[in-house]
Amino acid sequence: MNTQVALWVGFNVFVLAMLALDLGLFHRKEHVVSPKEAGVWTLVWISLSLTFCGGIWYFAGRTPALQWVTAYVVEYALSVDNLFVFLMVFSYFRVAPELQHRVLYWGILGAFLMRASLIVAGAALVQRFHWLIYLFGAFLVFTAVKMLFSKDEEIDPEQQGVVKFARRALPVARQGEGSRFFLREDGRLKVTPLFIVLLVVEATDLLFALDSIPAVLGISQDAFIVYTSNVCAILGLRSLFFVVASLMEKFHLLKLGLSAILAFVGVKMLITFFDIHVPIGISLGVIGGILLLAILASLVWPKAPEPGEGSESAKT
């Protein structure tokens, strides 16, 4: 029991220390994060994550390590959808490029707390009530079908419940002031529009966690493996945002790949009812293969331009 507590405390202290180093030293001054800088940080987070996985392999063995890396890949892949929404939100609220890193940074801290609660509760429930694994599996298959047939529609952040609630319940300043989330206006402490953006980012992460956490629980019910793989994936996602922000349209078939991954994990959970268990190595290979095929197919068959798009570019 003491060892488990030490692992949880040690991991969270290390992550918080790395985040403090990130914001306090490397991003103390607000600046536009270049693709090159973001690429370096992405490699740093991935390297740290794989090193951590190597530690699991060394101390706990091959199977937990494969479960961890599979959960990490699934969470990383499913979190890509977040990037599309973040792009929309930042564009809608006209968040300056140099402020986007700060919003994502504090959004990560909130994600830790939310996901830790969901994961610990979910893992405990699945271990106590095993039939929930079938419910999660059916939910993932339903989500996969819904994702497959849903159309890409523009999201209006102003119509989202969290924005409406914030504007009614909180005193919102008329104008923002740099990277501040709070300021005094007319003698009152008010939240800035940037704080509203942070709330939207947190709400978005919570919605996506409701899909991704059941998927990861289909790979492992060990709360420590599920939580640490989630956290490591989220840490890398923040820097990945700045790497692929300009490349999103090129990977237009990735949505189909994510749908296939959800369906695969959902079916994998459902067939355990018949005492059929897919080896973790095969699961990792299938998930990695689906992602690779979706990316390659997007490059081989690029997205057709929207009607009138070509003519507009020709005019300019």
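Whatever comes next refers back to the structure up there.
Because the structure is predicted, anything quoted here is derived from the model rather than measured. (Residues numbered from 1 in each chain as written. Predicted model: local features only at pLDDT ≥ 70, side-chain atom pairs only at ≥ 80, totals over all residues. Heavy atoms only, no water.)

Enquirer: Talk me through the packing of helix H9 (residues 254–270) against helix H10 (residues 280–300); I want residue IDs and the actual numbers.
Expert: In contact at an axis separation of 8 Å, H9 and H10 are set at 165° when each is read in the N-to-C sense. Considering the angle they form, H9 stands roughly antiparallel to H10. Judged by the sense of rotation from one axis to the other, the crossing of H9 with H10 is right-handed. Residues Leu254, Gly257, Leu258, Ala260, Ile261, Phe264, Val265 and Lys268 of H9 form the contact with H10, whose own contacting residues are Ser283, Val286, Ile287, Ile290, Leu291, Ala294, Ile295 and Ser298. (Axes fitted to C-alpha atoms, helices over the stretch in contact; angles between N-to-C directions. Helix = DSSP H or I, 4+ residues; strand = E, 2+ residues; numbered from the N terminus. Parallel < 35°, antiparallel > 145°, perpendicular 65-115°, else oblique. Left-handed = near helix turned anticlockwise from the far one by under 90°. Contact = heavy atoms within 4.5 Å.)

Enquirer: Would you mind going over the pairing of strand S1 (residues 182–185) in detail, with residue names and values included?
Expert: Regular strands place side chains that alternate from one sheet face to the opposite one. Of the two faces of S1, the one holding Leu183 and Glu185 is buried and the one holding Phe182 and Arg184 is not buried anywhere. Pairing of S1 with strand S2 (residues 188–191), which is carried by 4 bridges, proceeds in the antiparallel orientation. Paired with Glu185 across the two strands is Arg188, which belongs to S2. In this antiparallel pair of consecutive strands, S1 and S2, the connection spans 2 residues, and Asp186 shows a positive phi of 55°. (Buried < 20%, exposed > 50% of the residue type's maximum accessible area, 1.4 Å probe, protein only. Pairing = 2+ DSSP bridges.)

Enquirer: Give me the lowdown on empty space enclosed by the protein, citing residues and values where you can.
Expert: Applying the stated rule across the entire model yields 2 cavities of 30 Å³ or more. The computed volume of the largest cavity comes to approximately 130 Å³. Together, 14 residues line the largest cavity, and Phe86, Leu104, Ile108, Ile234 and Leu237 are the ones closest to its centre. At the level of secondary structure, the elements contributing two or more residues to the lining of the largest cavity comprise helix H3 (62–92), helix H4 (97–128), helix H7 (193–217) and helix H8 (223–244). A class-by-class count of the residues in the lining of the largest cavity yields 9 nonpolar, 2 polar and 3 charged. (1 Å grid on protein atoms, 1.4 Å probe; cavity = no way out; pocket = protein on both sides within 12 Å on 5 of 7 lines; lining within 4 Å. Points joined across faces, edges and corners; volume = space filled by probe spheres on them. Nonpolar A, V, L, I, M, F, W, Y, C, P; charged D, E, K, R; others polar.)

Enquirer: Talk me through the side chain of Asn230; I want residue IDs and the actual numbers.
Expert: Within the fold, Asn230 resides in helix H8. A relative accessible area of 0% means that Asn230 is categorised as buried.

Enquirer: Just give me the short version of the environment of Leu189, but keep the residues and values in it.
Expert: Mapped onto the fold, Leu189 is located in strand S2. Between the alpha carbons of Leu189 and Val172 there is a distance of 9.0 Å; along the sequence they are 17 residues apart. If we skip the residues at most four places from it in the chain, Leu189 touches Pro171, Phe182, Leu183 and Arg184.

Enquirer: Give a detailed account of the pattern of salt bridges, specifying residues and quantitative values.
Expert: On inspection of all chains with the given rule, the structure shows 1 salt bridge. The partner of Arg115 in a salt bridge is Glu75, with the nearest N and O atoms 2.9 Å apart. Taken together, the positions of Arg115 in helix H4 and Glu75 in helix H3 put the pair 40 residues apart, joining distant regions of the chain. Comparing Arg115 with Glu75, the two get one shared label, buried. (Salt bridge = Lys/Arg side-chain N within 4 Å of Asp/Glu carboxyl O.)

Enquirer: Which residues make up unusual backbone geometry, and what are the values?
Expert: In this structure, Asp275 takes a positive phi of about 60° despite not being glycine. Residue placement: Asp275 occurs in the loop between H9 and H10. Overall, Asp275 belongs to the exposed group, its relative accessible area being 60%.

Enquirer: I'd like to hear about the packing of aromatic side chains, residue by residue, with values.
Expert: One pass over the structure, following the stated rule, counts 16 aromatic pairs. On the numbers, 6.0 Å between centres and 75° between planes, the contact of Phe11 with Tyr227 is edge-to-face. With Phe11 in helix H1 (residues 2–26) and Tyr227 in helix H8, this residue pair connects regions lying 216 residues apart in the sequence. In this pair, the class of Phe11 matches that of Tyr227, namely buried. Note on Tyr134 and Phe273: the rings are 5.6 Å apart at their centroids and 85° apart in plane angle, and the pair reads as edge-to-face. One end of the pair, Tyr134, is in helix H5 (residues 132–149); the other, Phe273, is in the loop between H9 and H10, with 139 residues separating them in the sequence. In this structure Tyr134 comes out as partly exposed when scored by relative accessible area, which is 21%. (Phe/Tyr/Trp six-rings, centres within 6.5 Å; stacked < 30°, edge-to-face > 60°.)

Enquirer: Hey, could you go over the state of the cysteines for me, with residue numbers and the actual values?
Expert: The final tally for this structure, using the stated rule, is 0 disulfides. In this model Cys53 remains outside any disulfide bridge; the closest cysteine sulfur is found in Cys232, 9.3 Å from its own. (Disulfide = S-S within 2.5 Å.)

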